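Descriptive structure summary
Residues per chain are reported as follows:
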Amino acid sequence: AAAGLSYVGAYVINTYKSYDNFLQDKYALLPAVIIICVAVVMFIIGLIGCCATFHESRVGLGLFLAIILVIFVAEVSAFVLGFVYREKVKTDVQGTMRSVFEKYDGKNPESTVVDYLQEQV
């Protein structure tokens with residue numbers, strides 16, 4: 001699970017580089033960074049859970065369960081926040097895209113983003 005989350009977070013960050021002129025708000029990468037941080041924590045917690053299971057420690061397994069529940073709550077919170085703010089992100093991206101397309105002249109850095117976007121479609 002941690003490897004999958006790491007891949008998703010890295011993919012979002014890598015994709016952001018191609019569209020950074022459309023997304024003026026630098027907080028657009030915040031969910032990807034949170035996903036990567038959760039993946040690192042999940043990996044560490046997974047190691048703790050394996051060690052607790054190997055040593056058959058009730059306290060270790062209880063701690064492992066509590067930490068997994070906290071991670072689950074954090075992921076649900078991230079999902080809810082993403083769902084709530086999706087319209088704000090959509091309107092921000094549309095406004096920025098509109099201004100980038102209006103400034104298109106084929107020479108400025110924003111023009112290269114438009115060209116890249118047209119090549120991808």
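Quick caveat, the model's predicted, so the values are computed rather than measured.

Our next topic: the overall build of the chain. Summing up its helical and strand segments, the chain has five helices and zero strands in all. In sequence order, the chain lays out its α and β elements as α-α-α-α-α. In the chain, which comprises 121 residues, the proportion classed as buried is 17%. Contacts spanning at least 24 positions in sequence make up 59% of the contacts within the chain whose residues lie at least 6 apart. Of the roughly 9,000 Å² that the chain leaves accessible, carbon and sulfur atoms contribute 69%.

Turning to the packing of helix α1 (residues 2-16) against helix α2 (residues 30-54), a few remarks are in order. One way to put it is that α1 packs onto α2 with a least axis distance of 8 Å and a crossing angle of 160°. By the angle between their axes, α1 is roughly antiparallel relative to α2. Taken as a pair, α1 and α2 cross one another with a handedness that is left-handed. Judged by residue contacts, A2, L5, S6, V8, G9, A10, V12 and I13 of α1 engage A32, V33, I35, I36, V38, A39, M42 and F43 from α2. Taken together, the residues that form the contact of α1 with α2 break down as 14 nonpolar, two polar and no charged.

Orientation of α2 relative to helix α3 (residues 58-84), taken along the N-to-C sense of each, is 160°, at an axis distance of 9 Å. Judged on the interaxial angle alone, α3 and α2 are roughly antiparallel. In terms of crossing hand, the pair formed by α2 and α3 is left-handed. Packed against α2, whose contacting residues are V38, V41, M42, I45, G46, G49, A52 and T53, the element α3 presents G60, L61, F64, I67, I68, I71 and E75 at the interface. For the contact of α2 with α3, the per-class residue count stands at 10 nonpolar, four polar and one charged.

Here we come to the UniProt feature "transmembrane region" (unreviewed entry) in the chain. According to UniProt, the "transmembrane region" (unreviewed entry) feature falls on residues 27-55 and 61-85. Structurally, residues 61-85 comprises 96% helix and 0% strand, and the distance from its first C-alpha atom to its last is 36 Å.

It is worth spelling out a nonpolar patch on the surface at this point. Together, F72, V73, V76, F79, V80, L81, F83, V84, Y85 and V89 make up a nonpolar patch on the protein surface, roughly 1,000 Å² of accessible area in all. In terms of residue count, the dominant contributor to the nonpolar patch is α3 (eight residues). Its location among the elements puts V76 in helix α3. The exposure class assigned to V76 is partly exposed, which follows from its relative accessible area of 37%.

Calculation notes
Residues numbered from 1 in each chain as written. Predicted model: local features only at pLDDT ≥ 70, side-chain atom pairs only at ≥ 80, totals over all residues. Heavy atoms only, no water. Helix = DSSP H or I, 4+ residues; strand = E, 2+ residues; numbered from the N terminus. Buried < 20%, exposed > 50% of the residue type's maximum accessible area, 1.4 Å probe, protein only. Contact = heavy atoms within 4.5 Å. Areas by Shrake-Rupley, 256 points an atom, 1.4 Å probe, with all protein chains shown as cover. Axes fitted to C-alpha atoms, helices over the stretch in contact; angles between N-to-C directions. Parallel < 35°, antiparallel > 145°, perpendicular 65-115°, else oblique. Left-handed = near helix turned anticlockwise from the far one by under 90°. Nonpolar A, V, L, I, M, F, W, Y, C, P; charged D, E, K, R; others polar. UniProt positions renumbered as here; feature names shortened; annotations may be inferred. Patch = residues over 30% accessible without salt bridge, like charges linked within 9 Å, V, L, I, M, F, W, Y side chains within 5 Å. Salt bridge = Lys/Arg side-chain N within 4 Å of Asp/Glu carboxyl O.

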